[in-house]
Amino acid sequence: MKTYKGRGIVLHTLKYGDSSMIVYLLTDVGGRRSYMVQGVRSRTGRGSKQALFQPVFPVEFEGLEPSQSQQMHRFKEVRAGFLLQGIPFDVRKSTMALFMAEVIYRLIRESERNEPLFEFVWNSVAALDQMQEGVANFHLWFLAQLSRLVGFFPGNDHTEGCWFDIKEGLYTPVRPLHTLILEPDEAALLDRMMQTPVTELHTIALNRQQRVDFLNAMLTYFGYHLDGINAVQSVRILREVF
């Protein structure tokens, strides 16, 4: 059976039978892929595998190509990609991780290699894990940056006082006649989120209501282009925590 090596970010898991699960990964070798993992809840010493498959956990693996009798990829070997020191132990970061994983799981369906997207998600997990300040803004930055990689980031430069036309994907000095817009404050924040490095998120001062309003605006923006964003359940938790 043909083998290959790769890296992946855990997006979602489903229980399968008494001791197996299906693991959905965003991989560097083939976009989103599903893997059958057996024996994750067994009592024979292999149960520790389950700890690897939490939302956004990075893994490195040697995979097995599906055969004619097996529809899914499998792991020959799998281990942690790097050690997470913050996400598993910080409720704010674990909430962000759940949101990130669910957004990618809902929005990314392609099974083709997408190196820029994979590297962005992989590096975002590492950045969130190490972040000391600005965690409350991370999900807003993540959505703004993700828009670059899914093909509908703003098509022109921001100017002070302009609106953002979601339908056209453009900043505009004249308020559009329709309601699919970002107000000037939200448009300015979108531009700032796209220009600010993740290490500088603490410099963006927002209160809770501003975060909720901008999150809602970004969900409208994404929802116009990708229906899958409407199925993201962890949004409710974000609104409560941040």
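Before any of the text, the structure's been laid out above.
Engineer: Describe in detail the overall build of the protein, supporting the description with residues and values.
Structural biologist: Of the regular secondary structure elements, the protein holds 6 helices and 8 strands. Beginning at the N terminus, the succession of helices and strands in the protein can be written as β-β-β-β-β-α-α-α-β-β-β-α-α-α. At 19 Å, the protein has a C-alpha radius of gyration in line with the 18 Å of a compact globule built from 242 residues. Judged by the C-alpha coordinates and their principal axes, the protein covers about 65 × 35 × 25 Å. Looking at the protein as a whole, 50% of its 242 residues are labelled buried. A total of about 12200 Å² of accessible surface is found on the protein, and carbon and sulfur atoms cover 48% of it. Computed over 26 positive and 26 negative side-chain charges, the separation of the two mean positions in the protein equals 11 Å.

Engineer: An account of the sheet that holds strand β1 (residues 3–16) is requested, with residue identities and associated values reported.
Structural biologist: Pairing is mixed around the closed barrel formed by 5 strands, whose spatial order is β1-β2-β3-β5-β4. Across this sheet, the average inter-strand angle for adjacent strands is 55°, counted without regard to direction. Here β1 runs beside strand β2 (residues 20–27); their pairing, made up of 8 bridges, is antiparallel. Pairing of Val10 across the sheet is with Leu25, part of β2. The sheet contacts of helix α1 (residues 91–107) involve β1, β2 and β3 (31–37), and relative to β1 the element is tilted by about 100°. The strands touched by helix α2 (residues 115–130) within the sheet are β1, β2 and β4 (58–64), with β1 carrying the most contacts at an inclination of about 70°.

Engineer: Kindly report on the packing of aromatic side chains, identifying the contributing residues and their values.
Structural biologist: Tallying each qualifying case throughout the model produces 17 aromatic pairs. Put simply, the rings of Tyr4, Tyr35, Phe53, Phe61 and Phe75 touch in pairs and so form one group of aromatic residues. Taking NZ or CZ as reference, Arg109 lies 5.8 Å from the ring centre of Tyr105, over its face.

Engineer: I'd love a proper account of the sheet that holds strand β8 (residues 181–182), names of residues and values included.
Structural biologist: One open sheet accounts for 3 strands, arranged β7-β6-β8; its pairing is antiparallel. In this open sheet, the two strands that pair with only one neighbour each are β7 (170–172) and β8. Relative to β7, strand β6 (residues 163–165) is paired through 3 bridges, and the arrangement is antiparallel. Across the sheet, residue Phe164 finds its bridge partner in β7, namely Tyr171.

Engineer: Outline the packing of α1 against helix α3 (residues 138–149), supporting the account with residue identities and numerical values.
Structural biologist: Relative orientation of the contacting elements α1 and α3 amounts to 25°, with a least axis distance of 10 Å. By the angle between their directions, the pair α1 and α3 is classed as roughly parallel. In this structure, the crossing between α1 and α3 has a hand that is right-handed. Here Met96, Phe99, Met100, Val103, Ile104 and Leu107 of α1 come into contact with α3, specifically with Phe138, His139, Phe142, Leu143 and Leu146.

Engineer: Report on the nonpolar core, specifying residues and quantitative values.
Structural biologist: Across soluble globular proteins, you tend to see nonpolar side chains buried next to one another. In this structure, Phe53, Phe138, Leu146, Leu190 and Met193 are the most contacted members of the largest nonpolar core, which totals 78 residues. Sorting elements by how many residues they give to this core places α1 first, with 9 residues. Setting aside its immediate chain neighbours within four residues, Leu190 contacts Ala144, Pro154, Phe164, Tyr171, Leu182, Phe214, Met218 and Tyr221.

Engineer: Lay out the pairing of β4 with the relevant residues and their values.
Structural biologist: Counted residue by residue, β4 has 6 buried out of 7 residues, so it is predominantly covered. Looking at chain direction, β1 and β4 are connected through 7 bridges and run antiparallel. In the strand pairing of β4, Ile9 is matched with Pro58.

Engineer: Talk me through α1; I want residue IDs and the actual numbers.
Structural biologist: Taking 1.5 Å per residue as the helical rise, α1 with its 17 residues ought to reach 24 Å, and the 24 Å between its terminal C-alpha atoms agrees with that figure. For α1, the buried fraction is high: 12 of the 17 residues fall into the buried class. Of all the positions in α1, only Lys93, Thr95, Met96, Ala97, Phe99, Met100, Ala101, Glu102, Val103, Ile104, Tyr105 and Leu107 are classed as buried. Of the residues flanking the start of α1, the one acting as N-cap is Asp90, its side-chain oxygen 2.9 Å from the backbone nitrogen of Arg92.

Engineer: Outline the pattern of salt bridges, listing residues and values.
Structural biologist: All chains considered together, the criterion is met by 8 salt bridges. Arg7 is paired through a salt bridge with Asp28; the nearest N and O atoms lie 3.5 Å apart. Here Arg7 is found in strand β1, whereas its partner Asp28 is found in the loop between β2 and β3, with 21 residues between them in sequence. On the basis of relative accessible area, Arg7 is assigned to the partly exposed category, the value being 21%.

About the cut-offs
Residues numbered from 1 in each chain as written. Predicted model: local features only at pLDDT ≥ 70, side-chain atom pairs only at ≥ 80, totals over all residues. Heavy atoms only, no water. Helix = DSSP H or I, 4+ residues; strand = E, 2+ residues; numbered from the N terminus. Rg over C-alpha atoms; globule rule 2.2 N^0.38 Å. Buried < 20%, exposed > 50% of the residue type's maximum accessible area, 1.4 Å probe, protein only. Areas by Shrake-Rupley, 256 points an atom, 1.4 Å probe, with all protein chains shown as cover. Lys, Arg positive; Asp, Glu negative; His and termini not counted. Charge placed at Lys NZ, Arg CZ, Asp CG, Glu CD. Pairing = 2+ DSSP bridges. Axes fitted to C-alpha atoms, helices over the stretch in contact; angles between N-to-C directions. Contact = heavy atoms within 4.5 Å. Phe/Tyr/Trp six-rings, centres within 6.5 Å; stacked < 30°, edge-to-face > 60°. Lys NZ or Arg CZ within 6 Å of the ring centre and 35° of its normal. Parallel < 35°, antiparallel > 145°, perpendicular 65-115°, else oblique. Left-handed = near helix turned anticlockwise from the far one by under 90°. Core = buried A, V, L, I, M, F, W, Y, C linked by side-chain atoms within 4.5 Å. Expected span 1.5 Å × (residues − 1). Polar contact = N/O pair within 3.5 Å; in protein donor to acceptor, adjacent residues only side chain to side chain. Salt bridge = Lys/Arg side-chain N within 4 Å of Asp/Glu carboxyl O.

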